[in-house]
Amino acid sequence: MTFDVKDKVVLITGAASGIGAATARLAAERGAHVIATDLDGERIQGVAADCHCIGLKHDVTSEDDWDNAITAAVHHYGRLDALVSNAGIVNYEPIIDLDMARFRSLNQVHVEGSFIGLQRAVAQMRAQADGKPATGSIVLTASVMANCAAPTISAYAVAKAAMANMARAVGVEVGRKGDMIRVNAVCPGPTRTPLLEGAMPPGAMNDPAHWTDVPLGVPQEPEDIAESILFLISEESSFMTATQMVVDGGWSLT
Amino acid sequence: MTQTAIVTGATSGIGRATALRLARAGFHIIATGRNPDRGAETVRQVQAAGGTAEFHSFDVTSESDWAAFANTVTSAHTSVDALINSAGSFFSKPLPDTTLAEFRELWTADVESVVLGTKYGLRMMRDTQSAGSIVNISSLAGLIGLDDCAAYCAAKAAVTHFSRVAALEGAQMDPKVRVNSLNPGVIYTEMITGAYGDNDAVKAFVMDGNALQRVGTAEDIASAATFLASPAARMVTGTAMLVDGGRGAD
C-alpha cells in the first residue's frame, strides 16, 4: 500500500546516499518527477541514472546553488510541489573538544541550508499559484535528537532541534497567510545510513546486541524514513502541518 | 492472504471514514459500534467501495464484551493485522459545573475503552501470530489544553501516554506489535456538531484556529490511521501522530 505522489515535482537534497537516496528512488518508482541534489556532484549522477531523475550538484549552504536547483525544477517540470531538505552531516565530539568551526559548519548545513531552502521553495510555490492559494509540502529531515540526548552529540542536537522548530514556525506562518503550503519535520531514530555506520564499530550495524535499546530491535532502513516523507508529501497528509513525525522504532520511549 | 482490520466506533465520523479508507487499502473490515443500523450502513458503504466488511455490535467499555468479541474474531480469522480504537465521547463544560459522574462516564468511554481494546487487541494479535498495528485515536487535547474540557483533555492525555507504554509491551511480543496514538485537532464530525452545533459560525471558529485555514475532516484522520496501520510505518511505534492543521503549533 502506498500513498500517491504520482506527477509531483519533488526536490530532494542530500540525495546521493542514505535517507535522501531512498526517498529519491521510492518517489521516482511511484511516478514523481524527482530532482535529486547533493554536494557530491559525481555520486548524485549515479543516483540520478538509477532513478531516471535529474541529478544536480548542490551545496545547501549556497544561496546561488538553491536558486539553481529550484530553477532546474521549474525549467524541467514547470513547478515545484515538494521540497525534502535532507542534506546533513554529523559530529560526535565532547563539547569541551568541539571546535567552533565544526559547530558552525554543522549549523550552516542543517539550519541555514533548510532556512534558505524554505525561503526559496515557499517563494516558488507562491509564484506558481496563479492567484489561487499556493499549495506544496516541505519536509525537513530532523532527528529524534531534536528532543532527546546522547553524549557527544550536542552540536548535532542543536542543529536538529532548530530544524524541527523551524518546520513548526514556518508551517504556522505560511498557513496563516492563507496558503496551503505545509511544512513538517520527520524525526528519524538510528537509521542504517553511511552517516551512522561511519560512527559505529565495524559490524555493529548488523549485531542485534547493538539494538537492544530500540524496542523494535533493529536499525531502521532508509526506506522506512522515506515512506514517512512520501506520506507527508502526498495529499493524504494535507491536514498535517507544523508537526514532527517520529520514526524511531520506539527508541525515544525510554 | 487478506489482511484484517478491526475498527471500533465505525458507525460514524472518524471510525467510519477509517473503515472505508482501510477497505480501499485492501483490508477486510471488522467494524464495531453500538448501533446496528448504522453499522449496517458502514458495511454497505465498504461493500459499495469494493471492499468486504462485517459488523459486530458490542459495548467497548465492557470487558466481557471484548473477551467474547476477541473469541469470535480469532475463531473466524487467521490474522488480526490492525486495530483502530476510534470509539469515544466528548463533552465541554466548565470544571466547577462538572460532576464526578460526568467525569467518570467520559473516562470510561474514552480511556477504559482504549485500555480494553489494546489489551484484547494484543491478545488477538498474539493468538493469531500477527505482527499487527494498534492505533488509538487520541486528540490534540491530550497534548495541549482546551477551555472547558478538563475531563476530555485528561482522558486523551491518558490515552496518549498509555499508548506509549503499550508500545513498549507490544515490542516485547513475538511477532512484535506496534502501538501508536493518533492525535487529531478539531475535526468536523458529529462529535463536534453534537456539542457545539452544526452551522457556519462553528465551522468558521474551527477553521480559524488552524494554521491551515480549512476544516479538518474524518478523511484526513482516516488517511493517517491507514498510514500507521500499513507496512509503510513498519518502524513507527510509541509515537503520538498529530494531524491538526497546525492548530497546536502556535
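Going by the structure above, here's the rest.
Residues numbered from 1 in each chain as written. Chains lettered and ligands numbered in written order. Predicted model: local features only at pLDDT ≥ 70, side-chain atom pairs only at ≥ 80, totals over all residues. Heavy atoms only, no water.

Looking at the packing of aromatic side chains
All names here are of chain B.
Turning to step 1, where the next piece is worked out: Enumeration over the complete set of coordinates arrives at nine aromatic pairs over all chains.
Turning to step 2, where the next piece is worked out: With a centroid separation of 5.1 Å and an interplanar angle of 80°, the aromatic rings of F58 and W66 are classed as edge-to-face. For the residue pair F58 and W66, the accessibility class agrees, reading buried in each case. (Phe/Tyr/Trp six-rings, centres within 6.5 Å; stacked < 30°, edge-to-face > 60°. Buried < 20%, exposed > 50% of the residue type's maximum accessible area, 1.4 Å probe, protein only.)

Comments concerning the state of the cysteines
Each disulfide consists of a covalent bond between the sulfur atoms of two cysteine residues.
Residue and element names in this part refer to chain A.
Turning to step 1, where the next piece is worked out: On inspection of all chains with the given rule, the structure shows zero disulfides over all chains.
Turning to step 2, where the next piece is worked out: Left without a disulfide partner, C53 is nearest to the cysteine sulfur of C51, which lies 4.7 Å away.
Turning to step 3, where the next piece is worked out: Overall, C53 belongs to the buried group, its relative accessible area being 14%.
Turning to step 4, where the next piece is worked out: Not engaged in a disulfide, the cysteine C187 finds its nearest cysteine sulfur in C148; these two sulfurs lie 8.9 Å apart. (Disulfide = S-S within 2.5 Å.)

Some points on the interface of chain A and chain B
Turning to step 1, where the next piece is worked out: The interface is formed by 37 residues belonging to chain A together with 42 residues belonging to chain B.
Turning to step 2, where the next piece is worked out: Per-residue buried area on chain A facing chain B is highest for M1(A), L216(A) and F239(A); these three make up 26% of the total on that side.
Turning to step 3, where the next piece is worked out: Seen at the junction of chain A and chain B, the total is three salt bridges.
Turning to step 4, where the next piece is worked out: Inspection of the chain A/chain B interface yields 13 residue pairs in polar contact (both at pLDDT 80 or more).
Turning to step 5, where the next piece is worked out: Breaking the side of chain A that touches chain B down by element, the ones donating at least two residues are α5 (154-176), β6 (180-188), α7 (222-233) and β7 (244-247) of chain A.
Turning to step 6, where the next piece is worked out: Tallying contributions element by element places α5(A) first for the side of chain A that touches chain B, with five residues. (Contact = heavy atoms within 4.5 Å. Buried area = accessible area lost by both parts, 1.4 Å probe. Salt bridge = Lys/Arg side-chain N within 4 Å of Asp/Glu carboxyl O. Polar contact = N/O pair within 3.5 Å; in protein donor to acceptor, adjacent residues only side chain to side chain. Helix = DSSP H or I, 4+ residues; strand = E, 2+ residues; numbered from the N terminus.)

Things to note about the pattern of salt bridges
Turning to step 1, where the next piece is worked out: The final tally for this structure, using the stated rule, is 20 salt bridges over all chains.
Turning to step 2, where the next piece is worked out: With a shortest N-O distance of 2.4 Å, D224(A) and R234(B) are connected by a salt bridge. Placement of the pair is D224(A) in helix α7 and R234(B) in the loop between α8 (218-229) and β7 (240-243), with the two residues belonging to separate chains.
Turning to step 3, where the next piece is worked out: The exposure class assigned to D224(A) is buried, which follows from its relative accessible area of 7%.
Turning to step 4, where the next piece is worked out: Residue class for R234(B) comes out partly exposed when judged on its relative accessible area of 38%.
Turning to step 5, where the next piece is worked out: R38(B) is the partner of E190(B) in a salt bridge, and the nearest nitrogen-oxygen pair spans 3.1 Å. Taken as a pair, E190(B) in helix α6 (residues 190-196) and R38(B) in helix α2 (residues 36-48) lie far apart in primary sequence, 152 residues in all.
Turning to step 6, where the next piece is worked out: Salt bridges linked by common partners bring R25(A), E29(A) and E223(A) together as one network.

What about the sheet that holds β7(A)?
Residues and elements named next belong to chain A.
Turning to step 1, where the next piece is worked out: Strand order in the open sheet made by the seven strands is β3-β2-β1-β4-β5-β6-β7, with parallel pairing throughout. For this open sheet the edge positions go to β3 (54-57) and β7, each flanked by a neighbour on one side alone. Averaged over neighbouring strand pairs, the angle between their axes works out to 20° when direction is ignored.
Turning to step 2, where the next piece is worked out: Where strand β4 (residues 82-85) and strand β5 (residues 135-141) come together, four bridges link them in parallel fashion. Across the sheet, V84 pairs through a bridge with V139, a residue of β5.
Turning to step 3, where the next piece is worked out: Against the sheet, helix α1 (residues 18-29) makes contact with β1 (9-12), β2 (33-38), β5 and β6, and its axis sits at roughly 165° relative to β2, the strand it touches most. (Pairing = 2+ DSSP bridges. Axes fitted to C-alpha atoms, helices over the stretch in contact; angles between N-to-C directions.)

Focus: unusual backbone geometry
For residues that are not glycine, phi is negative in most cases, and the peptide bond is trans in most cases.
Turning to step 1, where the next piece is worked out: In this chain, D174(B) is followed by P175(B) through a cis amide linkage whose omega measures 0°.
Turning to step 2, where the next piece is worked out: By the secondary structure assignment, P175(B) is in the loop between α5 (150-171) and β6 (178-184).
Turning to step 3, where the next piece is worked out: Not every positive phi belongs to a glycine, and D7(A) is a case in point at roughly 70°.
Turning to step 4, where the next piece is worked out: By the secondary structure assignment, D7(A) is in the segment before β1.

With respect to the pairing of β3(A)
Turning to step 1, where the next piece is worked out: Alignment of β2(A) against β3(A), held across four bridges, turns out to be parallel. Residue pairing across strands places I35(A) opposite I54(A), the latter belonging to β3(A).

Some thoughts on the sheet that holds strand β1 (residues 4-7) of chain B
All names here are of chain B.
Turning to step 1, where the next piece is worked out: Taken together, the seven strands give an open sheet; going across it, the order is β3-β2-β1-β4-β5-β6-β7, and neighbouring strands pair in parallel fashion. Since the sheet does not close on itself, it has two edges, and those belong to β3 (53-57) and β7, each with one partner. For this sheet, the mean inter-axis angle between neighbouring strands, taken without regard to orientation, is 20°.
Turning to step 2, where the next piece is worked out: Note: β6 against β7, four bridges, orientation parallel. Note on β7: the bridge partner recorded for S181 is A240.

Concerning the environment of D59(A)
Residues and elements named next belong to chain A.
Turning to step 1, where the next piece is worked out: Of note, D59 is situated in the loop between β3 and α3 (63-77).
Turning to step 2, where the next piece is worked out: Taking the relative accessible area as the measure of exposure, D59 reaches 27% and is therefore partly exposed.
Turning to step 3, where the next piece is worked out: Taking the C-alpha atoms as reference points, D59 and D38, 21 residues apart in sequence, are found 6.9 Å from one another.
Turning to step 4, where the next piece is worked out: Filtering out sequence-adjacent residues up to four positions away, D59 remains in contact with L39 and D65.
Turning to step 5, where the next piece is worked out: Separated by 2.7 Å, the side chains of D59 and T61 make a polar contact.

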